[in-house]
Amino acid sequence: MTVIEKITEINSILKDIFKFIQTNETVKEDFTEYLSTIGANNISLNQMEKIFLPYIFERKINDKSILEMFKESSKSTDIIDGLINAQSSVFEIKKILKNGFELYNLINEKIYTVSSLTKMINFRGVYAGQYIVARIFELKDEYYVIEISSVLSHSQKEEAYRYAVMKLVQNPRNLYIDNTDKEEEIKSVISEMYSKFINAFETDIILTTNKYADDIIGSFNEGEEIDLSDKGCNLESYKFFHVKELDNNYSNFLENSMGGFSSHNQIYDVAVIFDKEKGLYAIPFYETFCKIFENKDSVENSKQCIEYFLSNESIPNTILDRVSSKYDNFMETINTILEANYTYQELLQKYKSDYLNNTIYSSATVLFCSKAFSEVFDYISTEPQEQKPVQNVKVGRNDPCPCGSGKKFKNCCGRG
């Protein structure tokens, strides 16, 4: 099958998916609600075709993506599987090719040669050196760009890298998806750091508070000795509350992460945990969560705390495994507070299915291995260069020009 034939078939499948969201009763109703939510009720068919791409990739109904629902209702093909596994990222355009692009993926650090599903004339004004937010997918060892949602100029490099890191924080798998070499690097880093952690603390968990968590993690990363005798978790009472610094919104997530746990003025417990397989975690309210299974009435906002641990995507199933193995009444207590009747496996399947179905390493470890994060960290941590005062020095007409050209001043900057 030629490239043109593949592109024709891909576009045919996309048309079938578009028909599917307009005819399947469940999806049609959800798509109508989606259009209303984004304020796109009265739009043309052409505009709707552009909106439907992010919808089919990002929307879920009853824990199933639109593409998975389409696959169930149609004849399965490699194209549908490729679309389901498409990756959304930020790319630097290395070259403009006759029928596509050569792109560097800022997140997973790989270079891709991708074909365009539309004529390249549609990309007038797009040049090498710019950055694009795009979605690409693989079909039989060839890559295709299916959606370009944003174009950034070369002068917006910091913005491009910030957005890349934000997507990485939201989904750590983006660093090593489709990059086995990067995953091997992560595994090696975890193995090395785990040994150092155990040697330093003789345990894989440290219970402390937000007042000391940053110092403990920082000292460990720097290889410094740490005295934990005065950095324990000795709170008089335990309660759960919202900490805005832990919110990962695009405008402030990196600055907040640099400010650390200690930037919040209230004291709360934090567990620094090193998982042998997944990496380093800093889990807020871990001890508060544990106290619920000792005496649920002694913890203020216990229901909100449980919901936080279940719904927070950055808390893996292994943290729940750790707590559930410690307390025999784990499920009984959760079911009582949530007024539910889950088994432990049903609970994990509902709230931690991504962790059950995929290998997901800790965000802290992934960021440690990310070149994009290092790039952005340099942007925001580098102190502005001190400007030297300009000195007015009189330069003779026959003196060497101070610009360094080697010419006399009168024949260079002093001309005229």
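The rules behind these values
Residues numbered from 1 in each chain as written. Predicted model: local features only at pLDDT ≥ 70, side-chain atom pairs only at ≥ 80, totals over all residues. Heavy atoms only, no water. pLDDT = per-residue confidence, 0-100. Contact = heavy atoms within 4.5 Å. Axes fitted to C-alpha atoms, helices over the stretch in contact; angles between N-to-C directions. Helix = DSSP H or I, 4+ residues; strand = E, 2+ residues; numbered from the N terminus. Parallel < 35°, antiparallel > 145°, perpendicular 65-115°, else oblique. Nonpolar A, V, L, I, M, F, W, Y, C, P; charged D, E, K, R; others polar. Buried < 20%, exposed > 50% of the residue type's maximum accessible area, 1.4 Å probe, protein only. Pairing = 2+ DSSP bridges. Phe/Tyr/Trp six-rings, centres within 6.5 Å; stacked < 30°, edge-to-face > 60°. Lys NZ or Arg CZ within 6 Å of the ring centre and 35° of its normal. Core = buried A, V, L, I, M, F, W, Y, C linked by side-chain atoms within 4.5 Å. Expected span 1.5 Å × (residues − 1).

**Describing the confidence of the model for the protein chain**
Link 1 in the chain: Summing up the model confidence of the protein chain, the mean pLDDT is 87 and the portion of residues at 70 or higher is 87%.
Link 2 in the chain: pLDDT under 50 marks residues 385-395. Its contacts with residues more than four places away, or in other chains, come to 3 contacts.

**With respect to the packing of helix H1 (residues 3-23) against helix H3 (residues 45-58)**
Link 1 in the chain: Closest axis-to-axis distance for the H1/H3 pair is 11 Å, and the angle between their directions is 95°. As far as their axial angle goes, H3 and H1 are roughly perpendicular. Where H1 approaches H3, its residues Leu14, Ile17, Phe18, Ile21 and Gln22 are matched on the opposing element by Leu45, Met48, Glu49, Phe52, Leu53, Tyr55 and Ile56.
Link 2 in the chain: Broken down by class, the residue content of the contact of H1 with H3 amounts to 10 nonpolar, 1 polar and 1 charged.

**Observations concerning the packing of helix H2 (residues 25-37) against H3**
Link 1 in the chain: Where H2 contacts H3, the two axes come as close as 12 Å, and the packing angle between them is 105°. With respect to each other, H2 and H3 are oriented roughly perpendicular. Residues Val27, Asp30, Phe31, Tyr34 and Leu35 of H2 touch H3, and the partners they reach there are Met48, Ile51, Phe52, Pro54 and Tyr55.
Link 2 in the chain: Here the residues of the contact of H2 with H3 sort into 9 nonpolar, no polar and 1 charged.

**Structural notes on the pairing of strand S6 (residues 131-139)**
Residues in a regular strand point their side chains to alternate faces of the sheet.
Link 1 in the chain: By the criterion of burial, S6 is predominantly enclosed, with 8 of the 9 residues buried.
Link 2 in the chain: Pairing between strand S3 (residues 87-96) and S6: 6 bridges, direction antiparallel. Looking across to S6, one finds that Gln87 is bridged to Ile136.
Link 3 in the chain: Bridge count between S6 and strand S7 (residues 142-152): 9 bridges; the pairing is antiparallel. Opposite Phe137, over in S7, you have Tyr144 as the bridge partner.
Link 4 in the chain: Hairpin connection between S6 and S7: a loop of 2 residues separates the two successive antiparallel strands, and Lys140 in this loop has a positive phi of roughly 55°.

**Regarding the packing of aromatic side chains**
Link 1 in the chain: Scanning all chains against the criterion turns up 29 aromatic pairs.
Link 2 in the chain: Consider the rings of Phe197 and Phe274, whose centres lie 5.5 Å apart with planes at 45°: the pair is tilted. Within this pair, whereas Phe197 is found in helix H7 (residues 180-201), its partner Phe274 is found in strand S10 (residues 269-275), the two being separated by 77 residues in sequence.
Link 3 in the chain: Judged by relative accessible area, Phe197 falls into the buried class, the value being 1%.
Link 4 in the chain: Exposure remark for Phe274: the relative accessible area of 1% places this residue in the buried category.
Link 5 in the chain: On the numbers, 5.2 Å between centres and 90° between planes, the contact of Phe241 with Phe285 is edge-to-face. Taken as a pair, Phe241 in the loop between strand S9 (238-239) and helix H9 (253-259) and Phe285 in the loop between strand S11 (279-284) and helix H10 (286-292) lie far apart in primary sequence, 44 residues in all.
Link 6 in the chain: Feature note: the residues Phe240, Phe241, Tyr268, Phe285, Phe289, Phe293, Tyr308, Phe309, Tyr327, Phe330 and Tyr344 constitute an aromatic cluster, connected by ring pairs.
Link 7 in the chain: Its guanidinium or amino end placed over the ring of Tyr351, Lys350 lies 5.5 Å from that ring's centre, counting from NZ or CZ.

**Quick word on the sheet that holds S10**
Link 1 in the chain: Read from one edge of the open sheet, 3 strands run S8-S10-S11, paired in antiparallel fashion. Either end of the sheet is taken by a strand with one partner, and the two such strands are strand S8 (205-209) and S11. Within this sheet the neighbouring strands show an average axis-to-axis angle of 20°, counted without direction.
Link 2 in the chain: Alignment of S8 against S10, held across 5 bridges, turns out to be antiparallel. Counted as the bridge partner of Thr208 is Val270 from S10.

**Some remarks on the nonpolar core**
Link 1 in the chain: Within the largest apolar cluster, 74 residues are counted, with the highest numbers of intra-cluster contacts made by Phe289, Phe309 and Phe330.
Link 2 in the chain: Residues contacting Phe309, with those up to four places away along its chain left out, are Ile283, Pro284, Phe285, Tyr286, Phe289, Ile315, Ile319 and Lys352.
Link 3 in the chain: The next biggest cluster of nonpolar side chains, apart from the first, holds 34 residues, and it includes Phe20, Tyr34, Ile66 and Phe137.

**Notes on helix H8 (residues 210-222)**
Link 1 in the chain: Counted at 1.5 Å a residue, the expected span for H8 with its 13 residues is 18 Å, and the 19 Å between its end C-alpha atoms agrees.
Link 2 in the chain: Lining the buried residues of H8 we find H7, S8, S10 and S11.

**Quick notes on the sheet that holds strand S5 (residues 111-116)**
Link 1 in the chain: Strand order around the closed barrel formed by 5 strands is S3-S4-S5-S7-S6, with mixed pairing between neighbours. Ignoring which end each strand starts from, the neighbouring axes of this sheet average 55° apart.
Link 2 in the chain: Sheet analysis places strand S4 (residues 100-105) next to S5, joined by 5 bridges and oriented antiparallel. The residue bridging Phe101 from the neighbouring strand is Val114, located in S5.
Link 3 in the chain: Packing of H1 onto the sheet brings it into contact with S5, S6 and S7, and relative to S7 it is tilted by some 65°.
Link 4 in the chain: Its contacts with the sheet put H3 on S6 and S7, and the angle it makes with S7 is roughly 115°.

**Remarks on the pairing of S4**
Link 1 in the chain: The element S4 is largely enclosed, with a buried count of 6 among its 6 residues.
Link 2 in the chain: Pairing between S3 and S4: 5 bridges, direction antiparallel. Looking across to S4, one finds that Ile96 is bridged to Phe101.
Link 3 in the chain: Between the antiparallel neighbours S3 and S4 lie 3 residues.
Link 4 in the chain: With antiparallel pairing between neighbouring strands as the criterion, S4 and S5 make up a hairpin whose turn holds 5 residues, including Glu109 at a positive phi of roughly 65°.

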